[in-house]
Amino acid sequence: MNTLIRNFIWLTVALLGAAAVGGIALNRGENINTLWFVTAAVCVYALAYRFYAAWIAAKVLVVDETRATPAERFNNGHDFIPTNKWVVFGHHFAAIAGPGPLIGPTLAAQFGYLPGTLWILFGAVLGGAVQDMTTLFFSMRRDGRSLGQMARDELGAIGGMAALVGTLIIMVILIAVLGLVVVNAMKHSPWATFTVAMTIPVAILVGLYMRDIRPGRVLEGSMLGVGLLLFAVVGGGWVDHNATLSQWFDHEGLTLAWFVIGYGFIAAVLPVWLLLAPRDYLSTFMKLGTIFLLAIAIVVLSPSVKMPAMTQFVDGTGPIFGGALFPFVFITIACGAVSGFHSLIASGTTPKLLANERDIRMIGYGGMLLESFVAIMAMIAATVLDPGVFFAINSPAGVVGKEAVDAVAKISSWGFPVTVEQMSALAQAMGEKTLFARTGGAPSLAVGMASIFGSAFGQGLLAMWYHFAIMFEAVFILTTLDAGTRVGRFMLQDFLGNFSPKLGQTSWYPSVLLSSGVIVAAWGYFLYIGVIDPNGGVNILWPLFGISNQMLAAIALSVGTGILIKSGKLKYAWVTGLPLAWLAIVTTTAAYEKIFSADVRVGFLSAANDMAAKLAAGALPPEKAAVAPQLIFNQQLDAVLTVFFVVVLWVVIGDMLSVAWRHLNGLAVPPLSESPHEPSRLVEDWVRD
């Protein structure tokens, strides 16, 4: 009887999910209720986690809860530490859930709500979550090694070295974009800057509290930290309205960029328990609390989506970024569906903390589903805005004009009416001077979230809700930035360890300082590029971010596919092989267009040549002419990097196919580098927890 009831429940979930997805996909010409989006997401994720993820864990990976993990075997109190699974989940989710699931769907809404929503739902369950789960498993079985090192060990020297160097450079690009988004969100906003800055000492206090002041008191530390974070949001309002204090936190983008760079270095060298783990853990409370509160507000209000299912910009003429629906929707929405960055966390900090293999499904697959749900919430928040307001906030001044009158005229001519008075009133309600040309996606997302929260819980607090949303987004981003910098340090140490074993020791402090400094300097340069760009940096860095991120996912899936085949599991290789094939097609097509397209809004080289011609003819305004040589070089550098990433991707895929062919034909291949089985002594302890 119990089995019959369970089957009936899951059948109901499947039918409800199918109806919701069908309603979203087939709706045309009428406003669609956002409840359809929430229902579709919950049903799809529940089915995928209960059946697909459980099958992968049991049959494909064969997880073993009696096996000692790297955290137990190498426990050194610095990087390898057996940690409660909920704290690890908090760290992992906070580290992977950066700006991608928030900003990507917001930017992709220029195509309409339908393409992005379908990609978020099905890309996550079939690709992103599979990548995260399998990479975490394979890294744990290999002493917590990084993705690049696993590629070198499993695929051989050529593909492995290409993957090591490629993933390291890709990581640099990814972190730079994270920094750019948070800088754009805090620029000339004392409220946001104060609130974000306060999260750092709060995290350190909680780390000390749970380790030294009240060891093991996780609940107490959590309540203390969450309370202080909420106080920081309120305190930001006080600072913003104080003429003296507000000047301390009112900065240009370049000044904030230097602060972010300094923070990244400090976060990478401090012990993981002092800043990284408690910050990520607290951020998870803030992130999940906000997302679930947003979901409740959506259920209560049931707002309608105002953005069309498909806009006229699917042809590539969109104002926010250039490029047609295929392939650019798949690289614009990265982290909400498939994100290569996750593979670096899953083979970086997380496998060094996880105390039992049985939690791989919850943390690897479940963490990605939760991030995908964040992306659905972001899509809703962006598309419930009036389309004219959405485009006024996100369109760069270089596209719609610097003056408000010119911007609203341009946007209204697209069929999305908006007025100067409407935007001025909205900015005043949100506690900002202006909302025009606030590129990067974060401000428009915050406006959408504040509008929903205000309608549900009080319109009089719109400014508070807006800056709470900004803090929420910045916390998302900074937790990924600090974890990403540390993972980049691990990757560089793995690479240097091939030449000097001492430099390869992750906890040797001279190596820690050297590798952290190199990584931070590298992504700091690209952050500087984005900050000085008159168009807000999104057009230069976000497409490169999307392409490199998806290529990194393809590299991770290549490594996973190769390991499965070498392990005698050819019949299961499609689990990672199918999403690998799709990503290879999408990223290669996008890279080709970004390199060779004659459209100056799409092609890196055509944009560089166009700007060089205008500079030579004296056709650029003085402020743009001053930075034009740097922007031209940056576009050319982006083109070179894109070519490099494509070469790396296909070298790794080629090496994987070669290793698979040789293995299947009984020829010599690099041996599996999986560590020998050791029984765990922590099993009983963690079962009791």
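In case you missed it, the structure is sitting above this.
None of the values given here were measured: they were computed from a predicted structure.

Attention now goes to the overall build of the protein chain. What the protein chain contains, in helices and strands, is 28 helices and two strands. Scaling as 2.2 N^0.38, a compact globule of 689 residues should have a C-alpha radius of gyration of about 26 Å, and the protein chain matches this with 24 Å. Pairs at least 24 residues apart make up 83% of the contacts formed inside the protein chain by residues separated by at least 6 positions. Considering the protein chain, the positive charge centre built from 38 side chains and the negative charge centre built from 39 side chains are found 7 Å apart.

This paragraph deals with the side chain of glutamine 550. Here glutamine 550 shows up in helix H24 (residues 538-566). Reaching out from glutamine 550, the side chain makes a polar contact with the backbone oxygen of phenylalanine 330 at a distance of 2.9 Å. Every residue in contact with glutamine 550, bar those within four places of it in the chain, is listed here: Trp119, Phe330, Ile331, Ile333, Ala334, Val338, Ser339, Leu583 and Thr587.

The linkage connecting phenylalanine 326 with the following residue, proline 327, adopts the cis geometry, with an omega of 10°. One can find proline 327 in helix H14 (residues 325-332). Phi at valine 62 is positive, roughly 60°, even though this residue is not glycine. For valine 62, the position within the fold is in the loop between helix H2 (35-61) and helix H3 (70-73). Taking the relative accessible area as the measure of exposure, valine 62 reaches 43% and is therefore partly exposed. A positive phi angle, near 60°, is found at aspartate 143, a position not held by glycine.

This part is about the environment of phenylalanine 468. Within the secondary structure, phenylalanine 468 sits in helix H22 (residues 462-496). With 86 residues separating them in the primary sequence, phenylalanine 468 and alanine 554 have C-alpha atoms 35 Å apart.

So, about the environment of methionine 379. Its location among the elements puts methionine 379 in helix H16 (residues 360-383). Its relative accessible area of 0% is what places methionine 379 among the buried residues. The residues touching methionine 379, leaving out its near neighbours within four places in the chain, are Pro105, Ala109, Tyr113, Gly116, Thr117, Ile120 and Ile333.

To continue, consider helix H25 (residues 574-596). The terminal C-alpha atoms of H25, which comprises 23 residues, lie 32 Å apart, in line with the 33 Å expected from a rise of 1.5 Å per residue. For H25, the complete set of buried residues consists of Val575, Thr576, Pro579, Leu580, Leu583, Ala584, Val586, Thr587, Ala590, Ala591, Lys594 and Ile595.

The next point concerns the packing of aromatic side chains. Counted under the stated rule, the structure contains 25 aromatic pairs. Their ring planes at 75° and their centres at 5.3 Å tell us that tryptophan 10 and phenylalanine 51 sit as a pair that is edge-to-face. Residue tryptophan 10 is found in helix H1 (residues 2-26), and its partner phenylalanine 51 is found in helix H2; the two are separated by 41 residues along the sequence. With 5.8 Å between their ring centres and 25° between their planes, tryptophan 55 and tryptophan 574 make a pair best called stacked. One end of the pair, tryptophan 55, is in helix H2; the other, tryptophan 574, is in helix H25, with 519 residues separating them in the sequence. By relative accessible area, which is 40% here, tryptophan 574 ends up partly exposed. Pairwise contacts between aromatic rings join Phe313, Phe390, Phe391, Trp414 and Phe416 into one cluster. Over the face of the ring belonging to tyrosine 49 we find arginine 361, whose NZ or CZ atom lies 4.1 Å from the ring centre. The residue whose ring lies beneath lysine 594 is phenylalanine 604, and the NZ or CZ to ring-centre distance is 4.7 Å.

Tyr45, Tyr365, Met377 and Trp523 are the most contacted members of the largest nonpolar core, which totals 210 residues. With residues up to four places along the chain from it excluded, the contact list for methionine 377 reads Val38, Ile291, Leu294, Ala295 and Ile298. By size, the runner-up hydrophobic cluster in this structure holds seven residues, among which are Leu620, Val627, Ala628 and Leu631.

Rules behind the numbers
- Residues numbered from 1 in each chain as written.
- Predicted model: local features only at pLDDT ≥ 70, side-chain atom pairs only at ≥ 80, totals over all residues.
- Heavy atoms only, no water.
- Helix = DSSP H or I, 4+ residues; strand = E, 2+ residues; numbered from the N terminus.
- Rg over C-alpha atoms; globule rule 2.2 N^0.38 Å.
- Contact = heavy atoms within 4.5 Å.
- Lys, Arg positive; Asp, Glu negative; His and termini not counted.
- Charge placed at Lys NZ, Arg CZ, Asp CG, Glu CD.
- Polar contact = N/O pair within 3.5 Å; in protein donor to acceptor, adjacent residues only side chain to side chain.
- Buried < 20%, exposed > 50% of the residue type's maximum accessible area, 1.4 Å probe, protein only.
- Expected span 1.5 Å × (residues − 1).
- Phe/Tyr/Trp six-rings, centres within 6.5 Å; stacked < 30°, edge-to-face > 60°.
- Lys NZ or Arg CZ within 6 Å of the ring centre and 35° of its normal.
- Core = buried A, V, L, I, M, F, W, Y, C linked by side-chain atoms within 4.5 Å.

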